[in-house]
Every structure is written in C-alpha cells, then in structure tokens.
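Each chain, letter by letter, is given below.
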Amino acid sequence: MKKSLFLFTTIILSVVLIGCSQNKETNADSSEEKEATAAEYANSELLVDTDWVEDNAENVTLIDTRREGYEGGHIPGAIPFSTSDLVDPDAEFDGVLLEAEGFAAKMQDIGVNQDETVVIYDDGSSLSAARLFYALEFYGHQDVKIYNGGFTEWLNAGKDTSTEAPELQTGDFVATANQEKMCDIETLQSSVDDENVVILDTRSEAEYTGEEVRAERGGHVPNAVHIEWSEAITEKDGVPTFKSAEELTALYEEKGVTKDKTIVPYCQTNVRGAHTYFTLRLLGYDSIKPYEGSWAEYGNVASTTIE
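Every value quoted in this text rests on a predicted model; they were computed, and no experiment measured them. (Residues numbered from 1 in each chain as written. Predicted model: local features only at pLDDT ≥ 70, side-chain atom pairs only at ≥ 80, totals over all residues. Heavy atoms only, no water.)

A word on the overall build of the protein. Scanning the protein from terminus to terminus reveals ten helices and ten strands. Buried positions account for 46% of the 307 residues belonging to the protein. Here the analysis covers contacts within the protein between residues at least 6 apart in sequence; of these, 76% occur between residues at least 24 apart. Per element, the accessible surface of the protein, about 15900 Å² overall, is 47% carbon and sulfur. (Helix = DSSP H or I, 4+ residues; strand = E, 2+ residues; numbered from the N terminus. Buried < 20%, exposed > 50% of the residue type's maximum accessible area, 1.4 Å probe, protein only. Contact = heavy atoms within 4.5 Å. Areas by Shrake-Rupley, 256 points an atom, 1.4 Å probe, with all protein chains shown as cover.)

Another point: the nonpolar core. F103 and Y252 are the most contacted members of the largest nonpolar core, which totals 51 residues. Elements supplying a minimum of two residues to this core: α3 (100–109), β4 (118–121), α4 (127–138), β5 (144–147), β6 (197–201), α8 (245–253) and α9 (272–283). Ranked by residue count, the leading element in this core is α4, at nine residues. Filtering out sequence-adjacent residues up to four positions away, F103 remains in contact with L86, L98, L132, A135, L136, Y139, F173 and A175. Membership of the second largest hydrophobic core comes to 14 residues, among which are C183, V192, V264 and Y266. (Core = buried A, V, L, I, M, F, W, Y, C linked by side-chain atoms within 4.5 Å.)

Attention shifts here to the packing of aromatic side chains. Scanning all chains against the criterion turns up 13 aromatic pairs. Look at Y147 and W154: their rings are 6.4 Å apart centre to centre, the planes differ by 90°, and that puts the pair in the edge-to-face class. An identical accessibility class is assigned to Y147 and W154; each is buried. Of the aromatic side chains, those joined through ring pairs into one cluster are F103, F133, Y134, F138, Y139, F173, F242, Y277 and F278. Its guanidinium or amino end placed over the ring of F151, R66 lies 4.0 Å from that ring's centre, counting from NZ or CZ. A cation over a ring is seen here: R203 above W295, with NZ or CZ 4.6 Å from the ring centre. (Phe/Tyr/Trp six-rings, centres within 6.5 Å; stacked < 30°, edge-to-face > 60°. Lys NZ or Arg CZ within 6 Å of the ring centre and 35° of its normal.)

One open sheet holds the three strands; their spatial order is β7-β6-β10, and the pairing between them is parallel. What marks the edges here is a single partner per strand, and that holds for β7 (225–226) and β10 (262–266). (Pairing = 2+ DSSP bridges.)

This brings us to the sheet that holds strand β1 (residues 47–48). Within a sheet, neighbouring strands are paired by backbone hydrogen bonds and run either parallel or antiparallel to one another. Spatial ordering of the open sheet is given by β1-β5-β4-β2-β3, a layout of five strands whose pairing is parallel. Edge positions in the open sheet fall to β1 and β3 (79–80), since each of these has one partner strand only. Along the sheet, α4 contacts β2 (61–64), β4 and β5; its crossing angle with β5, the most-contacted strand, is approximately 175°. (Axes fitted to C-alpha atoms, helices over the stretch in contact; angles between N-to-C directions.)

Here we take up unusual backbone geometry. Here the phi dihedral of N270 falls at roughly 55°; this positive angle occurs in a residue that is not glycine. Its place among the elements puts N270 in the loop between β10 and α9. The residue S294 is not glycine, and still its phi comes out positive at about 50°. Mapped onto the fold, S294 is located in helix α10 (residues 294–298). Residue S294 is classed as buried on the basis of its relative accessible area, which comes to 0%.

What follows is about the pairing of strand β8 (residues 233–236). Pairing geometry for β8 and strand β9 (residues 239–242), over four bridges, is antiparallel. By the bridge assignment for β9, T234 is matched with T241. The turn linking β8 back onto β9 is made up of two residues, and D237 within it adopts a positive phi angle of 55°.

In this section: the packing of α8 against α9. Close contact between α8 and α9 brings their axes to 11 Å; oriented N to C, the two are set at 115°. The interaxial crossing formed by α8 with α9 has left-handed handedness. Where α8 abuts α9, its residues A245, L248, T249 and Y252 lie against T276, T279, L280 and L283. A breakdown of the residues in the contact of α8 with α9 according to their chemical character gives five nonpolar, three polar and no charged. (Left-handed = near helix turned anticlockwise from the far one by under 90°. Nonpolar A, V, L, I, M, F, W, Y, C, P; charged D, E, K, R; others polar.)

The next thing to look at is the pattern of salt bridges. Side chains that carry opposite charge are capable of pairing whenever their charged atoms lie near each other. Tallying each qualifying case throughout the model produces ten salt bridges. Note that K145 and D143 form a salt bridge whose closest N and O atoms lie 3.7 Å from each other. Residue class for K145 comes out buried when judged on its relative accessible area of 10%. Of the residues examined, D143 reaches a relative accessible area of 28% and is grouped as partly exposed. For R272, the salt bridge identified is with E207, shortest N-O distance 2.7 Å. Residue R272 is located in helix α9, and its partner E207 is located in helix α7 (residues 205–209); the two are separated by 65 residues in the primary sequence. Under the relative-accessibility criterion, E207 is labelled buried at 1%. Salt bridges sharing partners connect three or more residues here, namely E207, E212, R214 and R272. (Salt bridge = Lys/Arg side-chain N within 4 Å of Asp/Glu carboxyl O.)

Turning next to the confidence of the model for the protein. This prediction gives the protein a mean pLDDT of 91; 87% of its residues lie at or above 70. Scored below 50 in pLDDT, residues 1–38 makes three contacts in the model with residues more than four places away or belonging to other chains. (pLDDT = per-residue confidence, 0-100.)

Written out as structure tokens, the structure reads:
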C-alpha cells in the first residue's frame, strides 16, 4: 500500500513538474516570438506598440493627430495636433508644408523639444501620424516614432483614456530643412528616365489611371510605378496595423522598389506619400525623397508630361 501511494505521488509530481516546464517554455517562446516580431523591421525602433507607449508615455512627447475625438477621450498625456496646421496657406499649390520658421513655431506651441522622443498616433491607419512624422524628420528631429494601431489599438487593449488636456510649455524645437528628404518638380522631371530612381505613385488606382481627376489633368508621372499607400496596412480584430516586414518587402520589391534605388513617393498632397515614406524608412530604405508638391502641383502645371 505504501509503495503504491509513493509511486502515485511520484507520478503526480512528475506530471506537475513537466507541466510547469512546458508552461515556462511556452511563455519563453511567446516572449521570443513577440521580440522577433518587434525586431523584424530593419528600423523597428520607429514603430512602437501598446506596452511601449504605456511604459514610456510620461517620458516622451505624445501627439494625437486624429481628426476628431480627442475631447471624448485620448491616451493620457497626449497632446492634440491637426495635420491641417502643417499646410502653408501662402503656397501656390494645396497641401505644401510650412516653411521652417512656421513649422518650428507650430511644434514649439505644442511643447516639442529638440532632444525629446516624439511619439505620434492617430486612429490606426497611421496616415495622419506619418504626415507629421515626415515633417519632423524633414525638419531635423532625430527621434520620432509612430504607435502601431494608434488609438484603436489602445482601446482594443482595454487601456485607460483621459479627457484632460495636459498643460503645455513652449518647446525649443528648431527646424532645419534636410533637402535630401524632399524632391521638387524639376528634379522629378529630370528623373523619369533615371534607372537609379523609382517614382512611386501611392494614390488610388483610379487616380493613377486618370479615371479620377483631382487637378486640371489626370494620370500619372511618366514611368511611375503604382502601389497604393493602404497596401502597407492589414487589419486584425478591427485594428489597422502595418504588415510584416516580409509582406512589405515582397510588396515593394515586386514592383522594383528596391533599397539600391532612390525612391520618390507622391500622391495628391504628400499625405499618402508620407505614409509610404514612413513604411520604407521602417524597412530600412536609405534614400527616400517624397515629392512634396505631388499631383496638386504636377497635375496643374501645363508644361508637365503626363501618362
């Protein structure tokens, strides 16, 4: 009887120990899988998740670029900013970025400092977030990130929200334009036959073909390849997030958008183009020069050649 009891106890203990070991291995595997997912992008530090935002929100400048909804609830500590405030009202064409002095003033007003980390989010597609991301990088900010999934992911994760706006102190941001991150119309026109340059149209298919016209003329820049900005986004449980590095790499390389080329994204007013700029930065592309004038300029200039 004693031997039977001892054997039974030994078996039970063995099962428990094996189960614990398997749980530890499963947890370790899950942790390793999460780390691998986060690190799969060449520049993975540019894209942060919910845990990162929750852990670091008090030590960064967190900017909410949603078009609406801030007053009804936002991530605690987030500062509201409308990307329409990035537009130069005196520019000849729609949607063009403010000049350096005006941009710096806008950033100072919302408390952006030169040496602080800036994290931007929107509803989740990162369209508005990427527009501000591009503007900050173009004007010299060295540490900008986007929250993957944005406010939709925050709510989906069951995190607390706030209806209180933080008290703002004037920031010390200084805008210094980096012309290596922008393409003008003259450079674009001289690059249409350059084998080292890929002109990338990020608009809808209808805009690309000229079926939908949003300027004096419709169509696309000669030799431009077409990959709509939204192709970089997937959706799971109602949350839009960036596709994996493997999926994105296949998407772009299939159309000849490779890292050995200079990539010139454009759209209508470089909002969708800026989203593609961010996506390519995330993948580790080194030479990306969005055409800031985009179709708002190109389609309204009589001397341009259109396909």
